Amino acid sequence: MSTEQQVEIQNLTLVQAVRDGLRGEMQRDEDVVVLGEDVGQNGGVFRATEGLYEEFGDDRVIDTPLAEAGIVGTAVGMAAYGMRPVPEIQFSGFMYPGFDQIVSHAARFRTRSRGRFTVPMVLRAPYGGGIRAPEHHSESKEAFYTHEAGLQVVVPSTPYDAKGLLAASIRDPDPVVFLEPKLIYRAFREEVPDDDYTVDLGEAAVRREGEDVSLFTWGAMTRPSLDAAEAVAEEGIDVEVVDLRTLSPMDVETIVESFKRTGRAVVVHEAPKTGGLAGEITATIQEEALYHQEAPIARVTGFDVPYPLYALEDYYMPEHARIEDAIRDTHDA
Amino acid sequence: MSTEQQVEIQNLTLVQAVRDGLRGEMQRDEDVVVLGEDVGQNGGVFRATEGLYEEFGDDRVIDTPLAEAGIVGTAVGMAAYGMRPVPEIQFSGFMYPGFDQIVSHAARFRTRSRGRFTVPMVLRAPYGGGIRAPEHHSESKEAFYTHEAGLQVVVPSTPYDAKGLLAASIRDPDPVVFLEPKLIYRAFREEVPDDDYTVDLGEAAVRREGEDVSLFTWGAMTRPSLDAAEAVAEEGIDVEVVDLRTLSPMDVETIVESFKRTGRAVVVHEAPKTGGLAGEITATIQEEALYHQEAPIARVTGFDVPYPLYALEDYYMPEHARIEDAIRDTHDA
Amino acid sequence: MSTLQRDPRDRVQVLDDDGRVVDGAEVPDLDDDDLVEMYRSMRLARHFDERAVSLQRQGRMGTYPPLSGQEGAQIGSAAALGESDWMVPSYREHGAAYVRGLELHETLRYWMGDERGNSLEDLRIFPVAVPIASQIPHATGAAWAADLRGNDDEAFVCYFGDGATSEGDFHEGLNFAGVFDTPTVFFCNNNQWAISVPRERQTASETLSQKAHAYGFEGVQVDGMDPLAVYKVTREALQKAKNPAAADEASGRATRPTLIEAVQYRFGAHTTADDPSVYRDEEEVERWKAKDPIPRLENYLPSTPRRRSSGPSPRRCSSTSTGTCPGGWPSSGSTSSGFGTATATRSY
Amino acid sequence: MSTLQRDPRDRVQVLDDDGRVVDGAEVPDLDDDDLVEMYRSMRLARHFDERAVSLQRQGRMGTYPPLSGQEGAQIGSAAALGESDWMVPSYREHGAAYVRGLELHETLRYWMGDERGNSLEDLRIFPVAVPIASQIPHATGAAWAADLRGNDDEAFVCYFGDGATSEGDFHEGLNFAGVFDTPTVFFCNNNQWAISVPRERQTASETLSQKAHAYGFEGVQVDGMDPLAVYKVTREALQKAKNPAAADEASGRATRPTLIEAVQYRFGAHTTADDPSVYRDEEEVERWKAKDPIPRLENYLPSTPRRRSSGPSPRRCSSTSTGTCPGGWPSSGSTSSGFGTATATRSY
Ligand SMILES: Cc1ncc(C[n+]2csc(CCOP(=O)(O)OP(=O)(O)O)c2C)c(N)n1
Ligand SMILES: Cc1ncc(C[n+]2csc(CCOP(=O)(O)OP(=O)(O)O)c2C)c(N)n1
Ligand SMILES: [Mg+2]
Ligand SMILES: [Mg+2]
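Residue indices begin from 1 for each chain and proceed along its sequence in written order. All chains are assigned letters beginning with A, and all ligands numbers beginning with 1, in the order in which they are written. Selection of residues for local features in this predicted model requires a pLDDT of at least 70, selection of side-chain atom pairs for listing and counting requires 80 or more, and totals for whole chains, interfaces and linings are taken over all residues. Hydrogens and waters are ignored; side-chain quantities use all the structure's heavy atoms.

For the purposes of this entry, the term helix denotes a DSSP run of H or I that reaches at least four residues, the term strand denotes a run of E that reaches at least two, and both are numbered from the N terminus. Regarding its fold elements, chain A presents 13 helices and 14 strands. Since a compact globule built from 333 residues should have a radius of gyration of about 20 Å, the 20 Å found for chain A is in line with a globular shape. C-alpha atoms of chain A, sized along the principal axes, occupy 60 × 50 × 40 Å. For every residue, the accessible area (1.4 Å probe, protein chains only) is compared with the maximum for its type, and the residue is labelled buried under 20%, exposed over 50%, or partly exposed between those bounds. Counting the 333 residues in chain A, one finds 69% classified as buried. Residue contacts are defined here by distance: any two heavy atoms, one from each residue, within 4.5 Å place the two residues in contact. Taking the contacts inside chain A whose residues are at least 6 apart along the sequence as the reference set, 82% of them involve residues at least 24 apart. Carbon together with sulfur atoms contributes 44% to the accessible area of chain A, which is approximately 9,900 Å² in total. Taking the average location of the 30 positive side-chain charges in chain A and that of its 59 negative ones, the two points are 3 Å from each other. All radius of gyration figures rest on C-alpha atoms, and the globule criterion is 2.2 Å times the number of residues raised to 0.38. Here, Shrake-Rupley sampling with a 1.4 Å probe gives the accessible areas, and only protein chains in the shown set may cover a residue. Charged residues are defined here as Lys and Arg on the positive side and Asp and Glu on the negative side; His and the ends of the chain fall outside this count. Where a charge lies is defined by one atom per residue type: Lys uses NZ, Arg uses CZ, Asp uses CG and Glu uses CD.

Spelled out as structure tokens, the structure:
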């Protein structure tokens, strides 16, 4: 490997880190195979599998027919047999044709067979809005998957985490829905170790410590949340920003611990408000720490409408001004 | 119609009321057609469509091939054309093969076409547990549908409501997911007017007034909740039991108004806790009425596991003892 | 024998690659005005496509799916629709929708991220469907509804790609159509690629048209870059959809639905976000360009029988003309094509 | 010519309705012990079924799906599996699973609402699949994995009903199998009904077996109430799955997957929750009872060539014998059937 490549490998975008994570796991374990639409020679529509086809060949980086139930369903079969498939769904808005295979099969093989069969599968999909894409390309419906007990749900927000969480997911004996915030696929770079490593599932990361208000978020919303925190810091509001990273199982301990210190919280996500995870987080907090609560917990979310075509998406997506306002309101309430 | 029949029609079980509601709407409006697996000659596996095939014929009560995406997808096409299809999915656990057609199409045609096409479709499915059925026959995943903005979600808990809500749903210009709690399909009878009538969507019903604790629930959980309320009444705890009936849009006004009086709440549902609607309700309450809150809001729900086979289902389902305990804890907290 | 009754492996052609009528082919009954309009629409579609790609490059439009190479299939099939017929498009049918009466600026508006471009009042066009194959059950269901309502003059053409044939929705939509004998024409634009996935990777079946036999109805393969052959098979399929017994006088047992596989090629990228050089050879593209439907029809035009249209053509439904579309379109019993004269006065 | 290469409308039979070998039929190479074991298993399956229905009636068991009438297809096909092959059942394959080594009490346990009855250690049986057709992609995927791992002696038999052929999962599962040429045998138990929906309402295609052609592989129809014919086609399909070139020596072009349509009838209710008298005539049931696989095989047995099994038969994998199944089962190169001697000592 040339020096130039090594330097590149150290400073990766999120999508490059995903690719690097896949590559590392495929080198480590022959049972890891990648399958999906356009993942082979094309390297994935976001280039998340670029170069893997050339390195590992058609038997391990597999272009499939255009059929999501087929992709997930055959991956479930492969996984039950003992392999570690990493199917890609091209956009998370196209996971629904495969929804039955995800919630009724991937999530249930272990219980159904009392452990005789497990499904060590990682279902990857680019997710979230903000890239001026056509209808169905901007979905953010993690709540569908977190409500299904047999699934783990992961959303990385940094290149380092993307690689480490992906590796941990692939090594996990049970299925993981791995949602990649495509808005930040190439938004920034970060130092990423060349060697393989894991970031444990189920652990939130405190991205900014603070004493006044706790802000819980994940994925692409982490950056505007941090921006908003910086902005209000100038007004003397000290925000703790917690990036959940794994949405199921959720790191309730970190959430509650932070809230007990601040007594105030804002939850930020792109998904529609009703039935979104902010509700779950709020309910959990008030169950565990109501007597520390000083103000209503604010939800800064997408709206309860189908995600609009891109001319209106800037109005739909939470951005730092809305987040700032919610922080101020929560702080002052 | 014979007198005997008239008397019967007045005192119906929930499933008979569903049938009666379908019949009335089919008589009122030629555009109403019923389609699904075994809905024709067989009258539905729960007899919800019994006699309709004989009365309206094969063109309006249609046995389809065994294909849920096909059932929902063709119904969407029928509805977009201007008819009012009422597809039945045999059990709500089998809605997932049709999930894409539900969330990506039924829910979106109006917005997608800015009102040129609407989907006046009512998707009926028996739902919930407790009937000692095989795997996938006891699902309770209303939260999947309430999170999709373009869908209305209705769960009746009485025969009277079943007929009236179904009629309102069928007459509504937009899609409704109509989930019928099969545990109480035949649990009791109620006087149901022979004539057609509607029960407005979006309005909760206060089933029992009370001053100490608000209990929010729906569907089959309404009865054990009422039982629990009676039980604790003897201990001097006065519970208000609110049956939400329509889960989307939710009657936030009634919920908040009740809570403002009691300051304490319990939410009861069969679905798994994480990501279930109890979280949404709790979050809404604390947003709207935190300063009235006297105790953590309790969630009495199914567990975060795949719904077990029937040998264990009694442990899974919330029953009145668990509900009573939660009421007491909330009251005493 | 109807061309629809051929072996699905036997590709229907009217014009050869150079625009000459192939031996024994029956030229469809189109008058000169219609042929010229067909040609004009194909040129316009190509031109529009190039402009749209360039608007996208300039950052004035979002992702756009080009159609170049597919004009023959789009215009040829859309021209076969009667006024009371319906079109259920995928996301690439800008040319077909134009023939049906959709103003091009509405298409631009849609791809510029505004749903209003998809609000197709009275055009009998379903909205753009992005999730692959999801529109197929809609087409079956709507056609079924038309049949249940007794609207015998309405048939539905549903467009989708070769990739779409792999989806469950394709299977369920066609199977329902077979069982309920709905007036639906399933028009598969087999352009050889589903983004980077070649046709052979999509299915091991020899043709896509033969998949119709799994559903109990006819499948036919047509040269999708031959607008006259496309017009012909679509027309026959539509007639059969509306009147199956007449379409097969011998047996009277024909069923309404048909699967048409229009074999063609997408000259450009899958969308403006795609780079086809990563997965296919320029040489392959050149091979298919030899079949370009536009020069083919251009070469054919001078040799037409030079018939003028008889009687007034129905107008294309056009929002710039009268605002809305006349409710009382001529019934589809009329043999006129989907083209009208109203557009002939436009300049581009 | 392999029977798999017949026209899918040409139903394979070995025994006629009375158990006589039909003219020209080739009797599969099974020795007497195997035939007796086949017969015994069929009788046992029927007996088990009756007992299970009665347990349910007594309130001692939940909903149960009976198999009576389908013993020929279940036992005949399961007997064809080699030790290293896999079974991917639906919810009705109690008899097939028994042949594979599943103790009957485990089947009862499962239907009594206990997942432990579904924890099929080392039997190479996938768990019971309740959502219709959902197991088909699993069978394709697992077979694909076996192939990717180079486990050439493993083939997969996947069971499902006539109703399942309408689901998208059927389409996608078979299409993937065709494209990736997986060692999968798709075994459709066409018992004429999907609960109350008759076969004709399920699809307009003439046969179910012909649907294979949509996926580029062979489809074959077999008399599903003829255990010898079922054994034969399943055996051939399994051999082809593992060694397609050898299976078609002429061309060497055979593909691995096969779709078998086993035409049969469910004598009883769909499940104990179903009342078939609402939707079907007793007369129809009687007609099919004339084809009952059990008397048919019983009538045939006295006329067998009376061959004894040569060499030690492989044992059925049975949790009552050694607790777990030997890892080193004889390779599937062995021509022995799925039956063994261990069970012969059991009494019922
Ligand atoms: C259900 C679904 N899965 C994936 C995609 C992403 N996608 C968009 S177009 C396309 C390829 C479609 O190929 P084909 O059906 O041949 O149509 P073509 O684009 O060639 O006209 C894919 C995979 C989608 N839009 N919908
Ligand atoms: C996806 C799904 N939809 C509906 C059902 C309900 N259901 C159970 S069995 C059955 C009929 C199955 O018919 P078939 O495939 O012919 O198999 P058979 O029962 O005849 O063996 C139906 C509709 C189900 N289990 N799964
Ligand atoms: Mg294509
Ligand atoms: Mg059946």
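Right, let's get into the interface of chain D and chain B. Between chain D and chain B, the residue contacts involve 25 residues of the former and 25 residues of the latter. Interface of chain D and chain B: buried area, both sides summed, is about 2,000 Å²; carbon and sulfur atoms make up 54% of it. Three residues stand out in chain D for area buried against chain B, namely Val130, Glu167 and Arg201 of chain D, and they jointly supply 25% of the buried area on that side. Whenever Lys or Arg places a side-chain nitrogen within 4 Å of a carboxyl oxygen from Asp or Glu, that contact is recorded as a salt bridge. Counting the contacts that link chain D with chain B gives one salt bridge. Of the charged contacts in the structure, one is a salt bridge between Asp58 of chain B and Arg201 of chain D, with a shortest N-O distance of 2.9 Å. Polar contact is defined as a pair of N or O atoms within 3.5 Å, subject to the rule that within protein one atom must be able to donate a hydrogen and the other to accept it, and that residues adjacent in sequence are counted only when both atoms are side-chain atoms. The tally of links from chain D across to chain B stands at eight residue pairs in polar contact (both at pLDDT 80 or more). For the side of chain D that touches chain B, the secondary structure elements donating two or more residues are α4 (104–111) and α7 (199–202) of chain D. In this classification, Asp, Glu, Lys and Arg are treated as charged, Ala, Val, Leu, Ile, Met, Phe, Trp, Tyr, Cys and Pro as nonpolar, and every other residue, Gly included, as polar. Taken together, the residues that form the side of chain D that touches chain B break down as 13 nonpolar, seven polar and five charged. Buried area: the accessible area, evaluated with a 1.4 Å probe, that two parts lose upon being put together, summed over both parts.

Glu68 of chain A together with Tyr91, Arg92, Asp162 and Gly163 of chain C are the nearest of the 20 residues found near ligand 1. Here a residue is considered near a molecule or strand provided that any single heavy atom belonging to it is located within 4 Å of it. Residues near ligand 1 are shared among chains A and C, making this a multi-chain site. In this structure, a nitrogen atom belonging to ligand 1 sits 2.5 Å away from a side-chain N or O atom of Glu68 of chain A. Between a nitrogen atom of ligand 1 and a side-chain N or O atom of Gln90 of chain A, the distance comes to 3.5 Å. Considering ligand 1 on its own, with 580 Å² of exposed area, one finds that the protein chains cover 96% of that surface. Residue composition of the shell around ligand 1, by class: ten nonpolar, five polar and five charged.

Attention now moves to the interface of chain B and chain A. Taken together, the contact between chain B and chain A spans 48 residues of the former and 48 residues of the latter. Both sides of the chain B and chain A interface together cover about 4,200 Å² of buried area, and 53% of this is carbon and sulfur. Put simply, chain B and chain A have 14 salt bridges between them. Here chain B is connected to chain A by 29 residue pairs in polar contact (both at pLDDT 80 or more). Put simply, the parts of the chain that give the side of chain B that touches chain A at least two residues each are α5 (99–106), α6 (109–112), α7 (142–146), β13 (265–272) and α11 (277–289) of chain B. Along the lines of polarity and charge, the residues of the side of chain B that touches chain A split into 21 nonpolar, 13 polar and 14 charged.

A separate point is the sheet that holds strand β9 (residues 205–208) of chain A. Residue and element names in this part refer to chain A. Strand pairing is assigned whenever DSSP detects at least two bridges linking the two strands. Taken in spatial order, the five strands line up as β9-β11-β10-β13-β14 in an open sheet, and their pairing is mixed. Two strands lie at the open edges of the sheet, namely β9 and β14 (298–302), each paired on one side alone. In this sheet, neighbouring strand axes are inclined to one another by 25° on average, regardless of whether the strands run parallel or antiparallel. For strand β10 (residues 213–217) and strand β11 (residues 239–243), the ladder comprises five bridges, and the chain directions are parallel. Structural elements are reduced to axes, namely lines fitted to C-alpha atoms, with helices fitted over the stretch in contact, and the angle between N-to-C directions of any two is expressed from 0 to 180 degrees.

Superposing copies: least-squares fit, C-alpha atoms only, residues required to have pLDDT of at least 70 in both. Overlaying chain B on chain A yields an RMSD of 0.0 Å, the required transformation being a rotation through 180° with an accompanying axial translation of 0.0 Å. The two molecules are tied by a two-fold rotation axis, judged by turn and shift. In this assembly the copies share their binding face: 100% of the residues contributing to the interface of chain B also contribute to that of chain A.

Another point: the site of ligand 2. Taken together, 20 residues lie near ligand 2, and Glu68 of chain B together with Tyr91, Arg92, Asp162 and Gly163 of chain D sit nearest. Nearby residues place ligand 2 at the junction of chains B and D. Between ligand 2 and the protein, one listed contact pairs a nitrogen atom with a backbone N or O atom of Val130 of chain D at 3.0 Å. Trp193 of chain D places a polar main-chain atom, nitrogen or oxygen, 2.9 Å from an oxygen atom of ligand 2. Alone, ligand 2 offers 580 Å² of accessible surface; in the complex the protein occludes 96% of this.

Residue and element names in this part refer to chain D. Ligation of the magnesium ion (ligand 4) by protein atoms is provided by Asp162 (OD), Asn191 (OD1) and Trp193 (O), these donors lying 2.0 to 2.1 Å from the ion. Counted as donors are the N, O and S atoms within 2.8 Å of the metal, or 3.2 Å for Na, K and Ca, while water is not among the atoms, so some sites may look incomplete. Counting residues between consecutive donors of the magnesium ion (ligand 4) along the chain gives the motif D-x28-N-x1-W. A residue pair is termed long-range when its members are at least 10 positions apart, and Asp162 in the loop between β2 (156–161) and α6 (168–180) and Asn191 in the loop between β3 (184–190) and β4 (193–194) qualify at 29 residues. Residue Asp162 is classed as buried on the basis of its relative accessible area of 2%. Among the residues examined, Asn191 registers a relative accessible area of 5% and is labelled buried.

A few words on the pairing of strand β14 (residues 298–302) of chain B. Burial analysis of β14 of chain B places five of its five residues in the buried class, the great majority of the element. Here a crossover is taken to be right-handed if, once the strands point away from the viewer, the path from the first strand over the helix to the second is traced clockwise. Crossover connection from β13 of chain B via α11 of chain B to parallel β14 of chain B: handedness right-handed.

Once that is clear, we can look at the pattern of salt bridges. Residue and element names in this part refer to chain C. One pass over the structure, following the stated rule, counts 107 salt bridges over all chains. As a salt-bridge pair, Arg6 and Asp10 come within 4.0 Å of each other at their nearest N and O atoms. You can call Arg6 partly exposed: its relative accessible area is 28%. The exposure class assigned to Asp10 is partly exposed, which follows from its relative accessible area of 37%.

In this section: the side chain of Thr254 of chain A. Note on placement: Thr254 of chain A falls in helix α10 (residues 252–262). Setting aside residues up to four positions removed in sequence, Thr254 of chain A forms contacts with Ala204, Val206 and Val242 of chain A.

Once that is clear, we can look at the coordination of the magnesium ion (ligand 3). At this site the magnesium ion (ligand 3) is bound by Asp162 of chain C (OD), Asn191 of chain C (OD1) and Trp193 of chain C (O), with donor distances of 2.0 to 2.1 Å. Look at Trp193 of chain C and you get buried, because its relative accessible area is 10%.

The definition used for a disulfide is geometric: two cysteine sulfur atoms within 2.5 Å. Under the definition given, this model contains zero disulfides over all chains. Residue Cys158 of chain C stays outside any disulfide, its sulfur separated by 10 Å from that of Cys188 of chain C, the closest cysteine.

Our next topic: the domain arrangement of chain A. Residues and elements named next belong to chain A. Source of the domain bounds: an automatic or database domain assignment. Splitting chain A by domain gives domain 1 (3–191) and domain 2 (205–332). Counting from both sides, the interface comprises 29 residues of domain 1 and, opposite them, 25 residues of domain 2. Together, the buried faces of domain 1 and domain 2 total about 2,100 Å²; carbon and sulfur atoms form 57% of this surface. Where domain 1 meets domain 2, there are four salt bridges. Across the salt bridge formed by Glu313 and Arg132, the nearest N and O atoms sit 3.3 Å from each other. Where domain 1 touches domain 2, the interface holds 14 residue pairs in polar contact (both at pLDDT 80 or more). For the side of domain 1 that touches domain 2, the secondary structure elements donating two or more residues are α7 (142–146), β6 (152–154) and α8 (159–171). Counted by class, the side of domain 1 that touches domain 2 contains 15 nonpolar, nine polar and five charged residues.

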